[in-house]
Every structure is written in structure tokens, then in C-alpha cells.
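In case you want the letters, here they are:
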Amino acid sequence: MDKKINQINNKVIDISDKISDNYTEKIDLKVENLIPETNAVNSISEEKDSNYWRSFRELYNDPDFIREKKNEFMPGALDKPDANSLSLFSRRKFLALLSASAAVAASGCSNFRDKGEFISYNKKPESVTVGNPTYFASTCTGCNSACGIIIKTIEGRPIKVDGNPDHPVSKGKICSIAQASVMSLYDPERLKNPIEVADKNSVNGKDIIWGDADDKIISILKNAVSSGKEIAIVSQTINSPSLKKLLTEDFTKAYPTSKVYSYELISDSNKNSAYEKCYGAKTFPVVHLEKANVILALESDFLGTDENKVENSRLYSERRDAFNGSEFNRLYTVEGNTSVTGMNADYRIILRTDAIEEFVMCLLNEFVSKERISGFGSDAGVSAKLQNYKLEEFISKNNISKEVVEYLIGDLKKNQGSSFVTAGSMLPESTHIAVNLLNEVLGNTKLYDKEILNVEQIPLSTKSEIETLVSNLKSGKVGAVIHLDSNPVFHLASDYGYADALKNIPNVISITESQNESSAMSNYVLPINSMFESWGDFQNRNNFMSLQQPVISPLYNTRQKEEILLTWIKGNKSEFNIDIYHKYLMDNWKATVLKSSGDENNNDGQFMKEWYAALNDGVVSGETVLTVSGAAVLTAASTGFKSEAVSNCNFNLKPGNDFILILNRSTSIGDGRYANNGWLQELPKPISRIVWDNFAAISVQTSKALNLKSDDKINITTQGGKLEVPVFVQPGVAEGVIAIELGYGRSACGIVGKDVGVNANKLISKNATISQWMYNDAKIEKTSDTYELVSTQEHYAFDEPLLKDIQYKREIIQEGTYLQYKEHPHFLHDRHTKYSEEETKKLKVGSINEQYVHTGTKWGMVIDLNKCIGCNDCAAACNVENNIPIVGKDQVKANREMHWIRIDRYYSGTPEVPKASFQPMLCQHCDFAPCENVCPVAATTHSADGINGMAYNRCVGTRYCSNNCPYKVRRFNYFNFRDRFRDSVQQEESYSLMANPEVTVRSRGVMEKCTFCIQRIMDERQMAIQENRNVIGTNVKTACQEACNTSAIYFGDQNDKESELYKLNHSTLAYSVLEEIKVKPNVIYLAKLRNVFEIEKEETHH
Amino acid sequence: MSLDSTYTRELPLVEGKPTFKDIDNVIILPTETKPTKGWWIAFGISSSALMLGGFCLALTFYYGIGMWGNNQPVGWAFDIINFVFWIGIGHAGTLISAILYLFRQKWRTGIARFAEAMTIFAVMTAGIFPIIHTGRPWLAGYLLPLPNQNGVWVNFSSPLLWDVFAVSTYFTISFLFWGMGLIPDLATMRDRTTSKIKKTIYSVLSLGWTNSNRNWSNYERAYLILAGISTPLVLSVHTIVSFDFAVSVIPGWHTTIFPPYFVAGAIFSGFGMVSTILILVRKVFNMEHIITIGHLEKMNKILLATGMMVGYAYAMEFFIAWYSGNTFEQFVFINRAFGPYAWAYWIMVSCNVIFPQLFWSKKVRTSIPITLILVILVNVGMWFERFVIIVTSLHRDFLPSSWAMYTPTLVDIGLLIGSFGMFFTLLLLFLKVLPLVSISEIKGVMDGAQPTIHPHPHKSNSNGHH
């Protein structure tokens, strides 16, 4: 028996051995072969073996035992379990109950909502690779500039917006509003369903379904038409040709009593109307700023807040590159406020804003009458206007630098035809006429593009049109008002009385993304798609059009505004389908833009090809567009300067005795539309560095005279109204000037933007004597109240002897003059060299650290301070790319803002006449990073390619690294800011879709900082491995670099000797901040050259 | 030596010629009697303070370090100020028990036990701060070099890690030293007590002490060895704490003078705290004859000496700032003395350098009320010294764009109060549980306890040195 068992065992062992040796195919594994022997074992085992027994029962052959032995299991073990018959704590009962409760929990507690068809990524959509981003070209509708954008989506979620390089205006760059717009897409407070407010006085409406809303509104509109009442459509600028067609053709056809009104809170209307008077064309032309050797900006923030700032700053900075061979331009500004443009100027004349017109007239008089430049001297009408303006008198009266004015006159005279004078949009028409004349006199119209024109689809409504609207509202002539993605209650001058008039209207329909002041007064609030969910086309210039396409299906139960209108046009709710406007747009394009591209048979296939190409590019330009759109405008093209514009103009703007109030466009939140966007609210204002507020900027002189300090509240009274507003003493503001940003103080807004700042729109008057944005009759009185303004940068007294020019003394900011550089390109480095080369070698102290030699890639960055204008767009882009939380005003006050890149603004000079220097500051990724050696847990370490990395998981948060960082660029999560800020709004579900999945979302207690966009570097490294090549430095673009409007940021491999980075790194202007502490930073700055007449910069003598 | 014997004769270390029994009675009395009303009041205050600290700590753990005033650029503030302050306080005990022991300074016996206990409690209090100051204190274990699956090791070049080792070593050695010194006294208490429970506890703690010659000779040897080990620790702990600052690149921190300066400051503050409490304790427990005015005077002399060392360091920092020609360094010191935190700087200078100069006068040195005021000022001054070093250096460092002011929050102040609460609660418990003066050592320095060699006035050779 033993033998047989052994045999079987051996066989089994044999098999398993062979299996493990992969000889399975040779072995006969048929079970039958084993069975007979197995049976034999059974039969044998029944024989009693007196030498081998397990129990007495076996030994004595107990029959029960023999029977039991035949069964493998105990009796009952194979019965089906019955939970009731089991004991309370039996294993089976426990498992049964566990599985049952798990099943109940799984089915009962799920939050499943039917969202239609889900397609998992195992059925891969075309062009999508899981984990890889997909890019779509579209158009930004953040303001009416309609810049081309490229939207980066990951698995269907838009997570980043950058400029579309093919777009002729923005050329791959974009402003901070567009950067931050993804936050508005995922704003949890967007409207999610149509709302009907039965009683307009009650705030709470109830959600209704779209069909009902359509039905009711269509009948309202039909009633209005049948009773002959007007349907007023109030919109902001309409720059979409298809929407224009929809409104002016189709909607008017369906509802003949409808009328479209459009407005802007801030517009170039004065500039355009002046241009029309001077030249006949309706809009100010496109200017080749890059050709201007001298630019004179009069209260104009063309680099900061103007609509065209993306293009302007690009063109301007092309002439601020010390290495591209072009000469520097020279920027003069004359301003009362402190703008980004002014703070970048080579010469800045501080002048009350209402004295600017006089200044221009004086200049004109100088050129026309004295210098006899141009033929206008003989024009009696013109010279009559000019003769009373004496420059000498003006200079002494306003106490401005005669020297600088002489430089300016000399420069303008010398650069006739290659200079440009621009005036701010808040200046009155008369000033713009004078400026037009000045440009004409100097021959600067040569810089105006003769082919490309700015076009308006629907001109903005004039003051009288809006007045008519209001009176119609009041008199009951209006049957329905439709707010088409607009907020007139907030934006329109309060003396129109629009809000009051609206109360008379029984049917107010607001079509809007989220609740606003106007929707709060409406019966129907219809939620619309964001720009990421919409179709559209836009045209601001005659030579190209841009397209907008949805990149995500609507997150909520929203419709695109055009879809809503189209449904109403068709007059039946069932006409709606999700493609309704898409088709309309395509049809319109087929009929107009891409008409000539189709073949003779009007083949759809050909059109679709062109259409997809257009969608792919985002823009269409060329002949077709020109002929389609520009035709009407071109006929009105400029015909030469009409001098009667000047002779008929009343140049009566004189400096008043009261304060002058200027109302500016906000540097961050636009006209208030973006008030609920925390990223934008927390973006520091470029000059004051203040966040989360607007304020009245006053001059140092005024503050002394009226005994005002920053944070004091004042009452401002103008003809427009009265407003209590906190004061900020802003160095560089002209005496008597008060500047306030518009768009703040939203009262009906989401939790983020509600009541942030004060609503300065209230100060706008429709009957403004000078201009809507400028009042020189402002009276101010101090109140006993104070209000705390917070900024991201300490405002220390920069005129104290100890602190004066400290940024120069410490060589944080190194500057020179352009002339100095021309004469002596090595001036910057020679400035430091006191010893000969040989002596230097002798003096050179070795480092006790062994320098690691980065032989492969070594990442580095160069920031050209000549190009950097301090606009903050890089910071906005960084926020989005790197999932940077909003911390809120209280935490900024506690100096805990989280921005990885910041623009340091340093003043020099005096508080009355300051100069500013900007310096983007981010982690310098030092070779000898002082943060690294002090971290006790080695959470921050250096990589072989020169990056100072952070292992968030390892960080315990001692903050030692931050203390030891000389640049103070590390950021600590003092709280879980997402949880802390505004009732945890950032933890809302929708915001989690916004996060860039490539970047860890940090929680409390962790240190973080700029990573040089390590995720992008890793992408490139992965590509390099896939393609079996070396990493190419220029393939990586950091978020800040991509966003920089002026291309001041260069990034790449410092060891790549061919790269531009390498050349700039070793250029004559390169320096690193705090060089002497020998941390060896890898961010190199190029010294700023001021294009002034002095050879050497005075501040550098120390 | 040409000094006569009357000059060199030491004052008796125990006054009033008490018997050994009297000593036992006086010292052990507080542990055998019910707490007085005064003790309860003191305990009530200190434990309330401790609970306030606990509450503030709970808030910090729940919400985050943001409950404090720390910010960018002032990443460390009250947390590390308190840490350095308490570690400094913890220096007097070991200095008195170890270094003075090695130097055969017999006057130390009256105050050594108490100072050692203070050391332990101060180090315990201090030890809390490095852990709670981290953003994620639940990961504080990462600071220990424990092998782990990730193969991540601590960073041995970080002074913060050295702190972990230095402080834990210091605490361990101080605790052993203190505990060992207690053995003969615990045995005395064991022999005195009639309570069974107490007898058991004292028996266990006194480790079978029999007062035998063998016991004593082992004890003395072990005590000497521990004193030898402790002595370098007195110097090393605060040296290493000072490295937290000296190793950095921050102007105002990056200074070679820091190690000796910190050690001097630590001894200064430690003695200040010991004096403060002793003055009260000797009064409350009727131990004026054991902890005599002579003790206090000697401590005041040390305060004067170390205070001047600290003053020298303050002056030297300024001198080096000027002498180095380093603009950052110069700015930091001008900013310290005349900048927005000048008030803190001048509190520091006056409390630590100017006021202790009064100790030159014997009248002041031997006046209990004036001494009490001055030593409290020393405590205040030394806390502000750490405030000045940490906050004023950080708040305006290299880049003016990052400058900012630091303001503590209520939670910060609560934690500071809580740290005092913890220290005093432990101290009050100690006073009621253990003999606050070493009975055996006191007995050893009493008049007549040791065979005395009476010095005979004689003319020694002129170049004789001892």
C-alpha cells in the first residue's frame, strides 16, 4: 500500500515539477489516468492496519466511524445555508448579512443621475488619448477684443487657456482674464436652470423647464408685437457677425418691434467719434506701434488696461529688445494717474488729467505756429484755436519739467512720421481731436494701417438712444426687455434711471451666466453657456474673423444665448435643438465667409473641409473676409484730415479748482463681469499691489493737505453722484487727481465677488460735462471711517535715507541707460570690476561646496526686464496651470498669498515723482539652494537637471526652507485654503474639474513653490524617450512664459549652446539677483535699460 | 597668596546650625502635608494656563498653523521663540548640577535639585514646540532617522535635525542625572513615611538604597560620570539650537558668534528663571536658611557676568555688521535698533544688559525685592532676545518686496501662556511630591558634616599659585 501511495505521490510531484519547468505539453494530464489508482487507494485504505490507527474507534472497527470516514465533510456541512437557522454570530450569518448590507449600501446610497450616454474611454474617441491633453482653437469673449485662444482640455475638461498663435491680433498671447476664465466656467454659482420669478419684488424665483420658459416668453414677445410695444434687447458690444445677422435680420423679422441697444461700461467712443470727425472713418485705425520710435501716451494705459493691450504690449516690447537689432523706442507719458504704461515710461510727466488738453494744444502751437511744421499754420481756423496756448506759460503754471518737455518736442520733431501720440479713452472728444491733429501735424498717420481697419458690427447705442429706451420703459411703450448677456442695471450711468424704469416693465428677461444686478430685477432668468460651451464667430478687424467652438458639453441645464433667441425666432419651443445655432452659424458662414471657397455646385463636402480647417485654426483671414465684412466700412475710409474738426471744436477743457476724478477700467476683473472669479480678484494691481478691492488713489500732496492716510474713507461728490470710498495714497499720482477703478462693488453676485470693493459706476453721469469717465468738479470730504486695503507688498517709506533706492543698493534691480549700453555694452559687468582679471583670479575664494556639474540638461530661465511691463498675466497663468488656491483678503493681509510668481515693484525717486522697476520673482532654482540643506526631512532636493524640487508628501512643514530662502518665493499652506476661503467654495464639486491633473493639489501644512512647470518638463522628457532623442530645452514652455504678452520670459536648457537662452544668459546685460550670497540662481535677469538722454543712470552711483 | 583667611572664608552654606533631623523635617515637610491654599491657588492658575494652551493647540491642530501670526516672510515666530526660550531656561539646572559640581562649588547644593527639576520641565515644555510648529505634526516622525520602505532618510545637513538629537539627548541625560540624585533622598523619605502606598512607591524609586558605604561610593562615581557627560551637553544644546539660525543665509542669523552667545544667553536666562522661582519658594517653604541670601548673591553675580557676555554679543553683532561691510547685515542691525521693531530691541537691551548692571552693587545683589524684579526683567528680556533675533531678521531680509510685519494672534499668546502653565504645573507638582533640595547633599555641606581643615594664616611663597 505504501508503495502504491508513493508511486502516486511521485507521479504528482513529477507532474508539478514538469509544469514548473514548462514541460507541460509533454505530460499527460488526463485525470482518468490517475483515477484507477486513486480508487485503489480508497479500497486499500479500508483494510485495517493494526500497526497504524488513528483512534480506538478505528482500531476496534466502529461501524459509525467507518461510515463517517467515507464522507469528506461533516454532516450538514454541504447543506444550503439558512440565515434564520444559524446562530446569531455564526460566520455564515455574518457574511450573509455583510454582503446584503453592502449590496443595499451600493444600490441605495449612490447619487446616480442619468446624464445620458456615457462613453468610457475604452471606446476611444478620435484624437483623444487618455491622459494626453487635446487642444482646441476658440475665441475669448472676456471682453470685446475677441482674442484667439487655444483651450487645453484633458479628458474633456478645459483646464487651461492660452493665446492662439495664428490669431493676427493676439498672436499667441492672452490677458489674465482669459487665463483665469476656466474658473468662471466651473463657477459653482453659475445658474443651472431657467428661473421664473412670478413676483418681481420677491427675490426667490423657481426653477422651470426650458420648454415652459420658451412658451411663456414667446407669447410675451408675440403679445408685445401684436400690441405694438417695443421689445428692447440690451446687450454689450456685439462683435459677432452671425449674432448681428440673427438679431438685426431674423429676430427683427420675427418680432418687428424689437430693437437692439448695446453699451459698454468703458469704451473708446470718444476716441472713435473724434476720429470720425477728423477723418470720416468710424473707428480709430490700427496703428503700427512697433514702427514708432517715440510714443507719447496721454493718460493712456495702452500697455495695461486698454482693450488692445495684448497687441499693444507685444508691439511695444518688440522695440525694447536689446538683442534683436532694433533701436529702442522712447516712451513719454503724461498722466495724472499711475498706470502700467506710465510706470514703464522713460519720461513720465505728472500732470492733472484735465490739463492734458491744454498741453496738447501747447505742443500743437509749438509745432504748427512756431516750428511751422505741416501746413496747418496757414489754416486760419486751426491757428486761431492754437494761438492762445503758450507752452512756456503752461510749463511754469503746472510746474512740470521744462527739460523733459524739450526732450519730448525734440524727439517728436526729429521722428516725424515715426512717432505716435495716443490718448486715453477717458479723455473727452476734444482732446482726441487735438491729438489727431498732433499726429497729423507730425505725419504720424503714416503708422496707421491703410488696409486693416477696426470694424464695429453694431455701433454702441448713443446717449440719446439709451435715453429714449429709458423714457419708453417709463411710458410703458416697451413690452419686454431682454438683457442679452449684459448687466445694464450695474453698468449704465445711474442718472439714466434705468433700474427705476425697469420696475415698470412686466416682462424682463435676463439671459446670463450667473445672477447679476439686472437678473435680480427680472421675471425670467435664463442661464447661458459659458464661452467654453458655445459656438460663435467674431470680427473686430476687417481682415480676419475668428471662430468659437464648444470644448465641453454644457455643465448645467444651460443654452447658448443665440440658441435661445433662435428658438424664439422660430416661435416654438420644440424648434430647439442643441445644434440650432451651430447650424445657423455654419449656414451663415457658407453664405458669406466661405462662400467663394465652395465649388460651383456649392458642394457641402468642400465647405465642410474649409469649415473644419477654420475651426482647427480658429481664425480665417484673407480676401474672402475682406470682401465680406469690410466692404461697408472701407467706403468710409479716411479721406484726409478735416481741419474743420479742429476749428469747430470747442477746446474748453481747463484744469478746475476742484479735484479731478478719473474712472478707470479695472486691471483685473474687467467691467465687473469677472467679479466672482477669485483668481482675478486676488491678482495684485500692477502698481499698488492691492488685491480684493478698488480704492481712490490720491497723491501724496493731497494726502498731506487733507490729512488723509491710506485706508481712510472719503466721500466723493461729483455731478454723477456721491460715493464713500477708501483712500490709497499712491506715489506718482498728480496733485488733485483721484483715480478709481470701475467694475467693483457688485451687489448681486456670487459669494466670491459680492460686495468686494465699492461701486464707482455710481459716479458715472450720462450728462458728464467732460467725459463719462472724468469729472473735474469732484469734492471730497474725509469721513471718520476707515477701511482696510490689503496688498501683497509692504508699502515702506521708500524715501527714508535707509530705505531709499534699496533695490539698487542691493543690486536687486540693476539698470542702465540705453545710450550707456550703446556706448559701452559691457557697462553692467564692468561696473563691478574693481580689479584686473589677474587680481580677480587671485582673490577668488573657492567654495567649500563641491559644485555639481550638470552635464546633461540644465533648466534655466531668463527674464528680460526691458520687456517686462509688470502686467501680472504670468501670475494669472501660473495660478491656473499649477492649481494655486485663492486665499482671500484676510490671508493676503496676513501675508500668506500663494502666488508662485509675483511681480516685485520697487519705487525709486520721491513719493511725489517716483520711478518704478518691475521684477518678476519666482523660485530661482539655485544651484546651492539654501532651502535644501536646511530641510530636516529632505523634502526639497535638487534634481540632476538643475531643478529644486519639492516632495509634498515628505514635507512636514517646518517652514525652515522658506525662512532660509533669500528670495522669499516659497509659499506655505497655513490652512487648507480651499476649505478656508468663503465657505469652502473652492471645494465645490465643479471646481475639482478645473484642477490640472498633472499638478498635485496641495493641502494644509505643506510648503510649495514654483517648479519650473515640472509637469511640462516631464512631458518633454517622455516625448524624448519615446522618440529616442535628447531632451530639447526649447520644447518646454513654462506657463508664465507662454502667457507673457511681451515675451520677456525665456526658458530652456542652459547647456544648449545654440539656444537663445544660452546667448541671453551670457549676454552683457545678464545678472542674477543677490549674486553675492553665492546661491547661484538659475533665473537670470537682463538689466533694464532706460531710454533716456542721460548717459549714466543716476541711481547706480553709490 | 597674600589674602588673609577672613577674606577667603566662605559663608556657611546652611544658616542657623540646624540638626540633620531639622533638615529632613524642613525639606520633606511639603511632601508630607496637604497642599496649602496658596499652592492650590497657584496650581489653579497654572493648570488653567495649561488648559488654555491645550485649547489653543487643539485649535491649531484642527485648523492649521494659520491660526498663528506666522506669515511670509516670518515663517517662524512665537513657536520657535518659545522653543529657544524654554531650552535656554533649561540650561541653568544642568550647569548648576554638573559644571558647578565638577568645579566643586559646594554652594550649588542648595539649589541644584530645584534647578535640575526646572531644567527637565523647561526642556519638556520646549520640546513640544518643534513638534507643533510643523505644518503637519502628525508626520513629525519623519524627523527621526527611522528605516522605512521608501528608503527616504533624514537630511543630516539640516540643523533642525541636529536639534532633534541634541534636545532629546539633553533631556535624557538631565533626567537620568536628576533621577539618580534623588535616590538617597527617596530612601530617606521611604524610611520616614508611615503610609504603605508611599512606602511602596519610594521603595521602588529608591532602588533598594541602603545608605551603605558601597552604595555611596557607587553613587558618587556615577554622579561624577553623569556630571561629566552633562557638562558638554550644556554647551552643545544651545550651540546646536543657535545653528538653526547660524547655518542659514539670513542676515542677522548667519553669524559665527551665535554658539557662545546663545550659551551665555541660555545660562543667563536659566539663572534668571531659577532665581525668580527660588525667591518665592524659599519664602513659601521656610527654607531661607537652606537657600540663603548667599546663594542668591552668587547667582546674581553669575547673572551679571552672563548678562555682560550677552551684552558683548549684542555689541559685537553691530561691530561685525559694520566691519564686514555687508550691506544686508548692516541693514538688519540698523533695522533692529531703529526699525519698526525697535521697541522689542530696546526692551531686550535694557532688560538683559542695562538693568543687570545694578548687580555691581552688593546692596542690590543682596536685596530680595530688587533681585526679584531684576530677574523677572531678565526673563522678559531673554524672551525678547529670541523675538528680536527671529522676527526682526526675517521680517526684512534680502528683497524689500517681501518685507512684512509680524503680529501675533491670540492663539500665539495662548500658547505662550500655556507653555508657562505647563512649566509651572509640573513644577508645582514637583514641589509637593519630591524634596526640592537635595537632603543628602545639604547634610554634606553643613558645618561639621565634613572633617574640616582650618586654614592657618601664613605667608606663602610669593609666586605660589593654587
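Residues numbered from 1 in each chain as written. Chains lettered and ligands numbered in written order. Predicted model: local features only at pLDDT ≥ 70, side-chain atom pairs only at ≥ 80, totals over all residues. Heavy atoms only, no water.

### Some points on the sheet that holds strand β5 (residues 206-207) of chain A
All names here are of chain A.
- Across the sheet, which stays open at both edges, the seven strands sit in the order β5-β4-β14-β13-β12-β6-β7 with mixed pairing between neighbours. The open sheet has two edge strands, β5 and β7 (258-263), and neither has a second partner.
- Summarising the sheet, strand β4 (residues 195-196) and β5 pair through two bridges and their orientation is antiparallel. Bridged to Ile195 within β5 is Asp207.
- Strand contacts of helix α7 (residues 210-226): β4, β6 (230-236), β12 (478-484), β13 (508-512) and β14 (524-527), with the helix running at about 125° to β14, the strand carrying the most contacts. (Pairing = 2+ DSSP bridges. Helix = DSSP H or I, 4+ residues; strand = E, 2+ residues; numbered from the N terminus. Contact = heavy atoms within 4.5 Å. Axes fitted to C-alpha atoms, helices over the stretch in contact; angles between N-to-C directions.)

### With respect to the sheet that holds strand β35 (residues 1070-1071) of chain A
Residues and elements named next belong to chain A.
- Ordered by their spatial adjacency, four strands build an open sheet running β34-β27-β36-β35, and the pairing between neighbours is mixed. The strands lining the two open edges of the sheet, one partner per strand, are β34 (1049-1053) and β35.
- For β35 and strand β36 (residues 1083-1086), the ladder comprises two bridges, and the chain directions are antiparallel. The residue of β36 that forms the bridge with Ala1070 is Leu1086.

### Looking at the interface of chain B and chain A
- Residue-level contacts link 56 residues of chain B with 52 residues of chain A.
- Counting each side, the surface lost to burial between chain B and chain A is near 4,500 Å², with a carbon and sulfur contribution of 55%.
- The largest share of the area that chain B buries against chain A comes from Gln72, Arg136 and Leu399 of chain B, three residues that together contribute 16% of it.
- Joining chain B to chain A, the criterion identifies three salt bridges.
- A salt bridge links Asp79 of chain B to Arg959 of chain A; its shortest N-O distance comes to 2.6 Å.
- Counting residues per element, the ones that place at least two in the side of chain B that touches chain A are α3 (37-63), α7 (159-192), α9 (213-246) and α12 (327-338) of chain B.
- Among the elements that take part in the side of chain B that touches chain A, α3 of chain B stands out by supplying four residues, more than any other.
- Of the residues belonging to the side of chain B that touches chain A, the class tally is 34 nonpolar, 17 polar and five charged. (Buried area = accessible area lost by both parts, 1.4 Å probe. Salt bridge = Lys/Arg side-chain N within 4 Å of Asp/Glu carboxyl O. Nonpolar A, V, L, I, M, F, W, Y, C, P; charged D, E, K, R; others polar.)

### Brief notes about the environment of Cys871 of chain A
Residue and element names in this part refer to chain A.
- Inspection of the secondary structure puts Cys871 in the loop between β27 (859-864) and α32 (873-881).
- Residues Cys871 and Lys685, 186 residues apart in the sequence, show an inter-C-alpha distance of 8.3 Å.
- In contact with Cys871, other than residues within four places in its own chain, are Lys309, Pro686 and Asn1045.

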